[in-house]
Amino acid sequence: MEGGGGEPPEVHEESKSGCGLPAGLGTSGLKKSSWGLLLPGIVGGTLVAVYAVATPFLTPALRKICLPFVPATAKQIENVVKMLHCRRGSLVDIGSGDGRVVIAAAKEGFTAVGYELNPWLVWYSRYRARREGVQGSARFYVANLWKVTFSQYTNVVVFGVPQMMPHLEEKLELELKDDARVIACRFPFPRWTPDRVTGEGADTVWAYDLSTLRGRRP
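What you see is a predicted model; the values in this text were computed from it and never measured.

Visitor: Outline the pattern of salt bridges, listing residues and values.
Guide: For the structure shown, the criterion picks out ten salt bridges. The partner of Lys-75 in a salt bridge is Glu-78, with the nearest N and O atoms 3.3 Å apart. In this pair, Lys-75 and Glu-78 both sit in helix 2 (residues 74–83), three residues apart, roughly one turn of the helix. According to the relative accessible area criterion, Lys-75 is partly exposed, its value standing at 38%.

Visitor: So what's going on with the environment of Gly-95? Which residues, and what values?
Guide: Note that Gly-95 resides in the loop between strand 1 (90–94) and helix 3 (100–107). Put simply, Gly-95 and Val-142 are 47 residues apart on the chain and 9.7 Å apart in space, counted from C-alpha to C-alpha.

Visitor: I'd like to hear about the sheet that holds strand 3 (residues 138–142), residue by residue, with values.
Guide: Read from one edge to the other, the open sheet built from seven strands follows the order 3-2-1-4-5-7-6, with strand pairing classed as mixed. Single-partner strands in this sheet number two, and they are strand 3 and strand 6 (196–198). Taken pair by pair, the neighbouring strands of this sheet meet at an average axis angle of 15°, ignoring direction. Taken together, the four bridges between strand 1 and strand 4 (residues 155–159) define a ladder with parallel strand orientation. Across the sheet, the residue bridging to Leu-91 is Asn-155, located in strand 4. Sitting on the sheet, helix 4 (residues 119–132) is in contact with strand 2 (111–116) and strand 3, with an inclination near 165° to strand 3.

Visitor: Can you tell me about helix 2, naming the residues and giving the values?
Guide: Buried residues of helix 2: Gln-76, Ile-77, Asn-79, Val-80 and Met-83, and no others. In an axial view of helix 2, the angular spread of the buried residues amounts to 160°, which keeps them on one side of the axis. On the buried face of helix 2, the contacting elements are helix 3, strand 4, strand 5 (181–185), strand 6 and strand 7 (205–209).

Visitor: Give me unusual backbone geometry: which residues, what numbers.
Guide: Of note, Cys-86 is a non-glycine position whose phi angle comes to about 70°, a positive value. Relative to the helices and strands, Cys-86 is located in the loop between helix 2 and strand 1. One non-glycine residue with positive phi stands out, namely Arg-186, at about 75°. Looking at the element boundaries, Arg-186 is found in the loop between strand 5 and strand 6.

Visitor: Please set out the environment of Val-101 residue by residue, giving values where relevant.
Guide: Among the secondary structure elements, Val-101 is positioned in helix 3. For Val-101, a relative accessible area of 6% translates into the label buried. Put simply, Val-101 and Glu-78 are 23 residues apart on the chain and 9.4 Å apart in space, counted from C-alpha to C-alpha. Apart from the residues within four sequence positions on either side, Val-101 is in contact with Ala-72, Ile-77, Val-80, Asp-93, Val-157 and Phe-159.

Rules used in this analysis
Residues numbered from 1 in each chain as written. Predicted model: local features only at pLDDT ≥ 70, side-chain atom pairs only at ≥ 80, totals over all residues. Heavy atoms only, no water. Salt bridge = Lys/Arg side-chain N within 4 Å of Asp/Glu carboxyl O. Helix = DSSP H or I, 4+ residues; strand = E, 2+ residues; numbered from the N terminus. Buried < 20%, exposed > 50% of the residue type's maximum accessible area, 1.4 Å probe, protein only. Pairing = 2+ DSSP bridges. Axes fitted to C-alpha atoms, helices over the stretch in contact; angles between N-to-C directions. Contact = heavy atoms within 4.5 Å. Arc of directions from axis to C-beta.

Next up, the structure:
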């Protein structure tokens, strides 16, 4: 970053015959000069490191339609599991964050997959799954949700944001089969009518059965 205003430092000319240090620039002056060069280097290096670490977390949140990472609460996960009662088949968490929903589903016997744009969170999710002993049934992939086809899943979980819900609603209605159930957390879909609702406030969860939405029964 360029410096602000102010007069440039005064330049001292050496005489042609003099090779010594200018007056007043002794050992203490050299130390101050060294620190003056070292400190900006340390600060600059720190800023670069912070940028490298933070960019993968911030970039998804700056997209036009985003899934910013906000960890699911224990109550939200409990409500999701309630909506999965008596359900079977594969499960996908769209925007899986740190993997806690996928891991909880795997513990309930589901083959669960999480798609997440942030590679740091995907690596951490894999570590958590291994630590919880469900790495065989909980898998995580770095992917953009708009480039993934969800037709192979019978249970879909999404912690969305209002801006993306209309577009995701259209995508899922085109791709999912009649026996699929979609579970929305924090925000409902704008046009669909839920079959079940549980929880209150930010912990509210909505369940939508595609067979009902299409006027068909399995």
